[in-house]
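Architecture at a glance
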Amino acid sequence: RPVVWIPREVHADAVADLETWADVRRGWGAEPANEDAVAPLVQGVLLRTARLDARQLSRMPRLRIVARHGVGTDTVDTAFAREHGIRITTTPEANVLSVAEHAIALLLAVRRGIGAAVSGRGDRADLIGGELSGSTLGLIGFGRIARHVARIGQGGFAMRVLAYDPGLSDEEVRTAGAEPRSLDELLEQSDAVSVHVPLVPATRGLLSTAQFRRMRSHAVVLNTSRGGVVDECALFAALETDEVAGAGLDVSEVEPMPADHPLRSRADVVVTPHIGGQTREAMRRVAMEAAASLRAELVP
Ligand code: NAD
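Bear in mind the structure is a predicted one, so any value in this text is a computation, not a measurement.

1. Comments concerning the site of the ligand
In the neighbourhood of the ligand, 30 residues make up the surrounding shell, with Gly141, Gly143, Ile145, Gly167 and Gly276 lying closest. Sorting elements by how many residues they give to the shell around the ligand places helix α7 (residues 144-157) first, with three residues. Of the residues that constitute the shell around the ligand, the class distribution is 14 nonpolar, twelve polar and four charged.

2. Section: the UniProt feature "domain: D-isomer specific 2-hydroxyacid dehydrogenase catalytic" (unreviewed entry) in the protein chain
In the numbering used here, UniProt assigns the "domain: D-isomer specific 2-hydroxyacid dehydrogenase catalytic" (unreviewed entry) feature to residues 40-296. Strand forms 15% of residues 40-296 and helix 35%; the C-alpha atoms that close the span are 22 Å apart.

3. Topic: the packing of helix α5 (residues 96-111) against α7
Close contact between α5 and α7 brings their axes to 8 Å; oriented N to C, the two are set at 55 degrees. Taken together, the axes of α5 and α7 are oblique relative to one another. The handedness of the crossing between α5 and α7 comes out as right-handed. Of the residues in α7, those in contact with Val96, Leu97, Val99, Ala100, Glu101, Ala103 and Ile104 of α5 are Arg144, Ile145, His148, Val149 and Ile152. The class makeup of the residues in the contact of α5 with α7 is nine nonpolar, one polar and two charged.

4. A short note on the nonpolar core
Counting residues in hydrophobic clusters, the biggest one holds 51 residues, and the most contacted among them are Leu107, Leu139, Ala163, Val220 and Val221. Setting aside anything within four residues of it in sequence, one finds valine 221 in contact with Val193, Leu207, Val230, Leu235, Val244 and Ala247. Listed in part, the 31 residues of the second largest apolar core include Val4, Val45, Leu52 and Leu63.

5. Regarding the environment of aspartate 13
Residue position: aspartate 13 is located in helix α1 (residues 12-19). You can call aspartate 13 partly exposed: it has 13 C-beta atoms within 10 Å. Between the C-alpha atoms of aspartate 13 and methionine 288, which are 275 residues apart in sequence, the distance is 7.3 Å. With sequence-adjacent residues up to four places away left out, aspartate 13 is seen in contact with Arg284 and Met288.

6. A look at α7
The first and last C-alpha atoms of α7 sit 20 Å apart over 14 residues, in line with the 20 Å expected at 1.5 Å per residue. Listed in full, the buried residues belonging to α7 are Ile145, Ala146, His148, Val149, Ala150 and Gly153. Those residues of α7 that are buried lie in contact with α5, β6 (136-140), β7 (160-164) and β9 (192-195). The first or second residue beyond α7 is alanine 158, which carries a positive phi of 50 degrees.

Conventions and cut-offs
Residues numbered from 1 in each chain as written. Predicted model: local features only at pLDDT ≥ 70, side-chain atom pairs only at ≥ 80, totals over all residues. Near = placed C-beta within 6 Å. Helix = DSSP H or I, 4+ residues; strand = E, 2+ residues; numbered from the N terminus. Nonpolar A, V, L, I, M, F, W, Y, C, P; charged D, E, K, R; others polar. UniProt positions renumbered as here; feature names shortened; annotations may be inferred. Axes fitted to C-alpha atoms, helices over the stretch in contact; angles between N-to-C directions. Parallel < 35°, antiparallel > 145°, perpendicular 65-115°, else oblique. Left-handed = near helix turned anticlockwise from the far one by under 90°. Contact = placed C-beta atoms within 7 Å. Core = buried A, V, L, I, M, F, W, Y, C linked by C-beta atoms within 7 Å. Buried ≥ 20, exposed ≤ 12 C-beta atoms within 10 Å, placed from the backbone. Expected span 1.5 Å × (residues − 1).

Here's what the structure looks like:
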C-alpha cells in the first residue's frame, strides 16, 4: 500500500477515502506521526497549510506526488519537485463558490458599515450605508472566482460588471459575462473593485498609489486573492486622503494581519483572516479532490 502523509487535519471523508487504498500517516489526533519517521517511506503528501521546502523534500526519496489542499503552490519548493519528477496538483475548482460568496460578504460588510456597527464604533445616525443594487462592480482578473462573483452581482443585485484580464480577449470576457475594460477604465468606472488574480511578479502591487488615485472616492476595494496584490501602505494612505471609501481584505502581506496594523484601526476596513475558501462544503470538496489526485497518481 502506498504511504500517504497528511501533516495537518483535512476532512474526515477524504481520510476515509484514502484509507481504502493507502497506508495513511497523519500528523494530528491521538497519536500523530512524525515527519522524520514518515519521510523515507512516503509516496504521496496531502498538503494543507504545512510547508515543504527542498530540505524536507530531499528526505522523501520515494515521493511521487504532492496534492495541495487548495490552490497555490507557493508552500512547496516547485523547482526541487520539477527536478525530481514529483507531481504537484491543486484543487482550483473546489472553493470557487465559497471565495466568491466571501467577496460579496466583504462588499456588503464595508458598504453597510457592518464592521463599524458590530464593533460598537459610530452612532446609528452616522451609519449610513449604500446599496449594491444597480452599482458597478469592477473585477480585476476574470477567472473562476471572479466569474462567480459576477454571477452573484448580476443575479442578486443587478450590478453592472466590468472586467480587466490581459489573459483574455474582449470577446472571451463578454462571453464569460462581463464588459471588458482596460485597467484604468475599470478603476475610473467602478463603485467597487475586486481583485481575483494570482500573486506573480506582474501582479505584486497591482493596486497601489496611482490606481487608488484613479478610483472613485466612494469606491470600495476588495482583496480575496493574495496579499501583496494590493499595496497596503498605499491603500492606507488612499483611505486617509479619501481617495477610496473602504476596503474588505481576506488576505494580507503578512498573515494573519498583525493586531497593530494601521488598516485594522480604520472603521471602513473589514479584515478577515484568509477564510474565503473555508466553508464546510468547500473544505470537503477540496480534500476529496486532493485525495482523488493522490489515488490517480499512486494506484496503478
Ligand atoms: P484563475 O486562475 O481562475 O483566474 C485568475 C485570472 O487572473 C486569470 O484569468 C488570469 O488571466 C488573470 N490574470 C493574471 N494576471 C493578471 C493581471 N496582471 N491582471 C489582471 N488579470 C490577470 O484563479 P481563481 O481560481 O479565480 O483565483 C483567483 C485568486 O484567488 C488567486 O490568487 C487565488 O490564490 C485566490 N484564492 C483565494 C482564496 C481565499 O481563501 N481567499 C481561496 C482560493 C483562491
